[in-house]
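Tertiary structure, described
Spelled out from the first residue to the last, the chains are:
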Amino acid sequence: MSTVAPTGTPDRTFGTLAPAMITPFHADGSLDADTAQVLARRMVDQGCDAILLSGTTGESPTTHQPEKDELTRSVVEAVGDRAFILCGAGSNDTAHAVRIAQNAQACGADGLLVVSPYYNRPSQAGLVAHVRAIAEATDLPIMLYDIPGRTGLAFSDAALDELATHPRIRAVKDATGQVSRGGERMRRTGLAYYSGDDGLNLAWLVEGASGCLSVVAHVAAAHYRRLIDLVDAGEWLEARELARTLAPLVRAVMGGGQGTVMAKCALHLQGVLPDPAVRLPLVAPAQEETAALREAMEALDLL
């Protein structure tokens, strides 16, 4: 489902608020598609108008193609008529990324999230060729994912300028931490920008971002829905106070631990996720991390 912004507001083809959704597993490590549907419905009911599947938080490096396909089909069945379904198509093997993208489209995805190739770190020309190959493989709109802290390969200005000319490349999820530079790129390229860092959601929205792809939204979606709505209404002071109120929760989820691990722990504490199982090399959080998370959630009446 595509979300089109009213006149005068940012391009919101990909919606305004999406959880970078975890992939639920049973205790034995197998995919729990039923819980994925429950979680997706819950997120949409709380104000999310998009869902990101098979991103980093969804443990895409350790889920395999049949699982990705089942997950996509299940979530499309559950909320595809109410939310834009965005699927990660990331790999440092271009041919593999193309197959992921094509399968996502076949399973009902509305768009693709394409991260820069990690580890092998090609040139910027190679990065552009990688993204173009994926863009030409399907009919879906594409959001680029710029997160050099994980990939070791940032999108250069020149690469973004070139990719922005492709009709299916529409947006960027920015997790570089450089909001002002992102604003300049947004205005220069015409690409929509989305916050990829929960600690900077307010800053990105004020800069003109279309929305947020959030890990913390797993347990605070209604709060982020309100944050976006406040900024849209020009209620800057109230938005700032809400962001400050959410800061301890952001630190608890994203600060000490690993986002996937802590999001699953939070959902388990809420009773939403039957088992917080993660796949190696991820492991369960330390006791002190869980305690800090519980305290932050209790402060916001999220337990």
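Only a predicted model underlies this, so the values are computations on that prediction, with no experimental measurement involved.

Right, let's talk about empty space enclosed by the protein for a bit. Scanning all chains against the criterion turns up two cavities of 30 Å³ or more. Its volume calculated, the largest cavity comes out at about 50 Å³. Taken together, Ser54, Gln65, Lys68, Asp69, Thr72, Cys87, Gly88, Ile100, Asn103 and Ala104 form the lining of the largest cavity. Among the elements of the structure, α2 (65–79), β3 (84–88) and α3 (94–106) are those that each provide at least two residues to the lining of the largest cavity. A per-element tally of the lining of the largest cavity places α2 first, with four residues. Looking at the lining of the largest cavity residue by residue, the classes come out as three nonpolar, five polar and two charged. Roughly 30 Å³ of volume is contained in the second largest cavity. Every residue lining the second largest cavity is listed: Thr23, Leu31, Ser54, Gly58, Thr63, Glu67, Lys68 and Leu71. When its residues are assigned to classes, the lining of the second largest cavity shows two nonpolar, four polar and two charged.

Before going further, it helps to spend a moment on the sheet that holds strand β1 (residues 17–19). The sheet built from eight strands is open, its strands ordered β1-β8-β7-β6-β5-β4-β3-β2 with parallel pairing. Among the strands making up the open sheet, the edge pair consists of β1 and β2 (50–53). Neighbouring strand axes in the sheet, compared pairwise and without regard to direction, differ in orientation by 25° on average. Pairing analysis gives four bridges linking β2 to β3, with the strands arranged parallel. Paired with leucine 53 across the strands is cysteine 87, a residue of β3. Where α2 meets the sheet, its contacts fall on β2 and β3, and the angle it forms with β2 comes to roughly 170°. On top of the sheet, helix α4 (residues 124–135) reaches β4 (111–115), β5 (142–146) and β6 (169–174); it is set at about 165° to β4, its chief contact.

Pairs may arise between side chains of opposite charge once their charged atoms sit close together. Tallied over the entire structure, the rule returns 15 salt bridges. The closest approach of N and O atoms between arginine 12 and aspartate 232, which form a salt bridge, is 2.9 Å. One end of the pair, arginine 12, is in the segment before β1; the other, aspartate 232, is in helix α9 (residues 217–232), with 220 residues separating them in the sequence. The salt bridge partner of aspartate 161 is arginine 188, with a shortest N-O separation of 2.9 Å. With aspartate 161 in helix α6 (residues 157–163) and arginine 188 in helix α7 (residues 179–189), the pair connects residues that are 27 residues apart, well separated along the chain. Judged by relative accessible area, aspartate 161 falls into the partly exposed class, the value being 31%. The network of salt bridges with shared partners includes Asp146, Asp157, Asp161, Arg185 and Arg188.

The positions UniProt marks with the feature "binding site: pyruvate" (unreviewed entry) are Thr57. Residue placement: threonine 57 occurs in the loop between β2 and α2. Here threonine 57 falls in the buried class, since its relative accessible area comes to 10%. Not counting residues up to four positions away in its chain, the partners in contact with threonine 57 are Ala20, Met21, Ile22, Thr23, Val215, His218 and Thr260.

Once that is clear, we can look at unusual backbone geometry. Residue proline 281 is reached from leucine 280 by a cis peptide bond, and omega for that bond is 15°. Of note, proline 281 is situated in the loop between α11 (259–269) and α12 (287–299). Notably, glutamate 59 is not glycine yet its phi reads approximately 55°, a positive angle. Inspection of the secondary structure assignment puts glutamate 59 in the loop between β2 and α2. The backbone phi angle of arginine 121 is positive, close to 45°, even though this residue is not glycine. Its location among the elements puts arginine 121 in the loop between β4 and α4.

Parameters at a glance
Residues numbered from 1 in each chain as written. Predicted model: local features only at pLDDT ≥ 70, side-chain atom pairs only at ≥ 80, totals over all residues. Heavy atoms only, no water. 1 Å grid on protein atoms, 1.4 Å probe; cavity = no way out; pocket = protein on both sides within 12 Å on 5 of 7 lines; lining within 4 Å. Points joined across faces, edges and corners; volume = space filled by probe spheres on them. Helix = DSSP H or I, 4+ residues; strand = E, 2+ residues; numbered from the N terminus. Nonpolar A, V, L, I, M, F, W, Y, C, P; charged D, E, K, R; others polar. Pairing = 2+ DSSP bridges. Axes fitted to C-alpha atoms, helices over the stretch in contact; angles between N-to-C directions. Contact = heavy atoms within 4.5 Å. Salt bridge = Lys/Arg side-chain N within 4 Å of Asp/Glu carboxyl O. Buried < 20%, exposed > 50% of the residue type's maximum accessible area, 1.4 Å probe, protein only. UniProt positions renumbered as here; feature names shortened; annotations may be inferred.

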